[in-house]
Amino acid sequence: MILSQETSAPNFDSPAKRIIIGIQFLFVAFGATVLVPLLVGIDPSVALFTAGIGTLIFHLITKGKVPVFLGSSFAFIAPIVAATELYGMPGALSGLIAVGLVYGIVSAVIKVWGLRVIEKIFPAIVVGPVIMIIGLSLAPVAVNMAKTNWVISSVSLLTAVIIVVYSKGMIKLIPIFIGIVVGYILSVILGAVDFQVINDAAWFALPDFVRPELNWSAILYMLPVAFAPIIEHVGDMYAIGGVANKKFVKDPGLHRTLLGDGIATAFAGFFGGPPNTTYSEVTGAIALTKVTDPRVLRISAVTAVAFSLIGKVSAFLKTIPQAVLGGIMLLLFGMIASIGIKTLMDAKTDFSKTRNQVIISIVLTVGIGGAQISYGTFSLAGIGLASLVGVILNLILPDRSKPIKGSKVK
């Protein structure tokens with residue numbers, strides 16, 4: 001049930017209509033939600049489960065007023081991969097739980113002092129390069145996966161590009177999903193898919209949950225990564241507020257929405273899922289359909305949980321060839337990096353200032369170059385170290401930086 005953008009607000013009093021549009025919204029977020037766990041070695045059913053429950057938690061904390069769906073965050077792909085190599089998946093999960101607690105702390109800060117203190121510490125000159133690192137640091141992963149079969153990866157990539165550039169309406173909101181579908185069909189035709197895992201899977205099965213293990217090094221490694229998604233969350237709340245013509249940053253309040261996001265992320269970490277974030281694709285679908293009823297998004301959440309309990313769904317997702325995912329990532333990770341550039345441009349960053357050149361240059365070099373600081377069992381590297389360096393440089397170098405205007409990186 002897709003309505004044109006010119007259509008007046010539809011009436012979804014019928015439960016059946018709400019269910020239909022709720023399932024449709026889930027498919028808008030589906031491709032991105034399951035792509036993250038497939039890339040970091042997490043059972044995609046766990047991601048669907050934690051996204052669904054996390055969305056319901058968010059709605060509970062925000063008094064059921066904000067029409068959002070929480071899905072897997074791309075901002076944490078590189079940190080999860082690196083932390084897993086260093087500390088194992090259980091250790092990395094403890095870092096993700098701590099990220100959720102950081103959201104809660106920032107929520108309290110916003111409640112007491114307002115958003116200005118966050119904007120001062122994390123302006124665009126810091127957040128922009130960090131977002132660029134999130135995308136660029138993953139470029140080798142995308143290429144290595146794509147080159148397993150350049151024909152399949154190229155078709156997957158070209159499909160996603162065509163959808164992004166030329167399509168309209170609801171289709172334009174799901175380039176990842178359609179790219180994966182087309183790439184998968186081609187893989188089947190070329191005999192690159194093994195269906196045995198689907199045949200062996202049970203119809204109903206619990207997701208493969210992983211228990212976290214406390215690891216302080218992993219926690220310290222992961223914490224600085226939290227701030228780029230926090231800034232994104234602020235932008236998303238203004239965006240969905242504009243679509244629904246309501247000031248959600250006032251009611252239920254930004255502190256509540258951020259707290260809901262944080263608790264949902266901590267919940268995901270406890271069950272072995274990736275961190276959650278508000279999905280701008282779903283916001284786009286809401287703008288397109290004029291459906292702003294939060295109950296519809298809760299239906300999307302319940303549907304995600306239901307899908308997570310179907311063993312055949314998880315098995316099917318695991319049969320997606322590496323080349324298909326690699327082709328999608330060639331576009332996706334580059335787009336994440338471009339969002340970092342857009343963040344700087346939206347803030348009208350003056351690149352002629354030596355101060356700004358210094359901050360951007362050092363943050364990019366530290367983040368992409370793999371710099372690392374170690375002391376005993378503690379180590380800080382990658383995106384986390386780059387974020388910390390950017391914050392320090394911004395605070396100690398003369399002149400002031402302009403605040404960010406709401407970035408869009410999952």
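Residues numbered from 1 in each chain as written. Predicted model: local features only at pLDDT ≥ 70, side-chain atom pairs only at ≥ 80, totals over all residues. Heavy atoms only, no water.

Caption draft 1: Broad picture of the overall build of the protein chain. In terms of helices and strands, the protein chain carries 18 helices and 4 strands. Over its C-alpha atoms the protein chain spans a radius of gyration of 20 Å, differing by no more than 12% from the 22 Å that the globule rule assigns to 410 residues. Across its three principal directions, the C-alpha atoms of the protein chain cover 60 × 45 × 40 Å. The buried share among the 410 residues of the protein chain stands at 56%. Long-range pairs, those at least 24 residues apart, make up 84% of the contacts in the protein chain between residues at least 6 apart in sequence. Summed over its atoms, the accessible surface of the protein chain is roughly 17,100 Å², and 66% of this surface lies on carbon and sulfur atoms. Here the protein chain contributes 29 positive and 18 negative side-chain charges, whose respective centroids are spaced 10 Å apart. (Helix = DSSP H or I, 4+ residues; strand = E, 2+ residues; numbered from the N terminus. Rg over C-alpha atoms; globule rule 2.2 N^0.38 Å. Buried < 20%, exposed > 50% of the residue type's maximum accessible area, 1.4 Å probe, protein only. Contact = heavy atoms within 4.5 Å. Areas by Shrake-Rupley, 256 points an atom, 1.4 Å probe, with all protein chains shown as cover. Lys, Arg positive; Asp, Glu negative; His and termini not counted. Charge placed at Lys NZ, Arg CZ, Asp CG, Glu CD.)

Caption draft 2: Structural context of the packing of helix 2 (residues 44-61) against helix 14 (residues 294-308). As a packed pair, helix 2 and helix 14 sit with axes 7 Å apart at the nearest point and diverge in direction by 150°. Relative to helix 14, the element helix 2 is oriented roughly antiparallel. The hand of the helix 2/helix 14 crossing is left-handed. Residues Ser 45, Leu 48, Phe 49, Gly 52, Ile 53, Thr 55, Leu 56 and His 59 of helix 2 form the contact with helix 14, whose own contacting residues are Pro 294, Leu 297, Arg 298, Ala 301, Val 302, Ala 304, Val 305, Phe 307 and Ser 308. Here the contact of helix 2 with helix 14 is built from residues that sort into 11 nonpolar, 5 polar and 1 charged. (Axes fitted to C-alpha atoms, helices over the stretch in contact; angles between N-to-C directions. Parallel < 35°, antiparallel > 145°, perpendicular 65-115°, else oblique. Left-handed = near helix turned anticlockwise from the far one by under 90°. Nonpolar A, V, L, I, M, F, W, Y, C, P; charged D, E, K, R; others polar.)

Caption draft 3: Quick peek at helix 2. Its 18 residues give helix 2 an end-to-end C-alpha distance of 25 Å, which sits within 8% of 26 Å, the value for a rise of 1.5 Å per residue. Where burial is concerned, most of helix 2 is hidden: 15 out of the 18 residues are buried. Its side-chain oxygen 3.0 Å from the backbone nitrogen of Ser 45, Asp 43 forms the N-cap of helix 2. (Expected span 1.5 Å × (residues − 1). Polar contact = N/O pair within 3.5 Å; in protein donor to acceptor, adjacent residues only side chain to side chain.)

Caption draft 4: Broad picture of a nonpolar patch on the surface. Nonpolar side chains collect at one region of the surface, where Val 151, Val 181, Ile 185, Ile 189 and Leu 190 lie side by side and expose about 470 Å² of accessible area between them. Per-element accounting of the nonpolar patch gives the leading share, 3 residues, to helix 8 (residues 175-189). Within the element layout of this structure, Val 151 appears in helix 7 (residues 150-166). Looking at Val 151, the relative accessible area reads 51%, which means it is exposed. (Patch = residues over 30% accessible without salt bridge, like charges linked within 9 Å, V, L, I, M, F, W, Y side chains within 5 Å. Salt bridge = Lys/Arg side-chain N within 4 Å of Asp/Glu carboxyl O.)

Caption draft 5: Focus on the packing of aromatic side chains. Counted under the stated rule, the structure contains 9 aromatic pairs. Taking 6.0 Å as the distance between ring centres and 50° as the angle between the ring planes, the aromatic pair formed by Phe 49 and Phe 271 counts as tilted. One end of the pair, Phe 49, is in helix 2; the other, Phe 271, is in helix 12 (residues 249-271), with 222 residues separating them in the sequence. On the basis of relative accessibility, which here comes to 15%, the residue Phe 49 falls in the buried class. Taking the relative accessible area as the measure of exposure, Phe 271 reaches 30% and is therefore partly exposed. The structure contains a cluster of three or more aromatic residues connected by ring pairs, namely Phe 49, Phe 209, Phe 267 and Phe 271. Geometry around Trp 203 places Lys 312 over its ring, the cationic atom sitting 5.5 Å from the centre. (Phe/Tyr/Trp six-rings, centres within 6.5 Å; stacked < 30°, edge-to-face > 60°. Lys NZ or Arg CZ within 6 Å of the ring centre and 35° of its normal.)

Caption draft 6: Spatial organisation of the packing of helix 2 against helix 12. Between helix 2 and helix 12, the shortest axis-to-axis distance is 8 Å and the interhelical angle comes to 150°. It follows from the interaxial angle that helix 2 and helix 12 lie roughly antiparallel. The handedness of the crossing between helix 2 and helix 12 is right-handed. Across from Val 46, Phe 49, Thr 50, Ile 53, Gly 54, Ile 57, Phe 58 and Ile 61 in helix 2, the residues of helix 12 making contact are Arg 256, Thr 257, Leu 259, Gly 260, Asp 261, Ile 263, Ala 264, Phe 267, Ala 268 and Phe 271. Looking at side-chain class alone, the contact of helix 2 with helix 12 contains 12 nonpolar, 4 polar and 2 charged residues.

Caption draft 7: Quick peek at unusual backbone geometry. Backbone torsion omega between Asp 251 and Pro 252 reads 15°, so that peptide bond is classified as cis. In this fold, Pro 252 is placed in helix 12. In this structure, Asn 245 is a non-glycine residue whose phi angle is positive, near 60°. With phi around 55°, Lys 348 is a residue other than glycine that occupies positive phi space. Along the polypeptide, Lys 348 turns up in the loop between helix 16 (322-346) and helix 17 (354-369).

Caption draft 8: Structural view of helix 18 (residues 382-396). The first and last C-alpha atoms of helix 18 sit 21 Å apart over 15 residues, in line with the 21 Å expected at 1.5 Å per residue. For helix 18, the tally of buried residues reaches 11 of 15 residues, placing the bulk of the element in the interior. By the burial criterion, the buried members of helix 18 are Gly 382, Ile 383, Gly 384, Leu 385, Ala 386, Ser 387, Val 389, Gly 390, Val 391, Leu 393 and Asn 394.

Caption draft 9: Spotlight on the nonpolar core. Core analysis: the largest hydrophobic core is formed by 119 residues, its most contacted members being Phe 25, Phe 74, Phe 76 and Phe 333. Ranked by residues supplied to this core, first place goes to helix 3 (residues 77-113) with 15 residues. When sequence neighbours within four positions are dropped, the list of residues in contact with Phe 25 reads Met 170, Val 282, Ala 285, Ile 286, Thr 289, Val 291, Val 296, Leu 297 and Ser 300. Of all hydrophobic cores here, the second largest spans 5 residues; its members include Ile 57, Ile 61, Phe 267 and Val 305. (Core = buried A, V, L, I, M, F, W, Y, C linked by side-chain atoms within 4.5 Å.)

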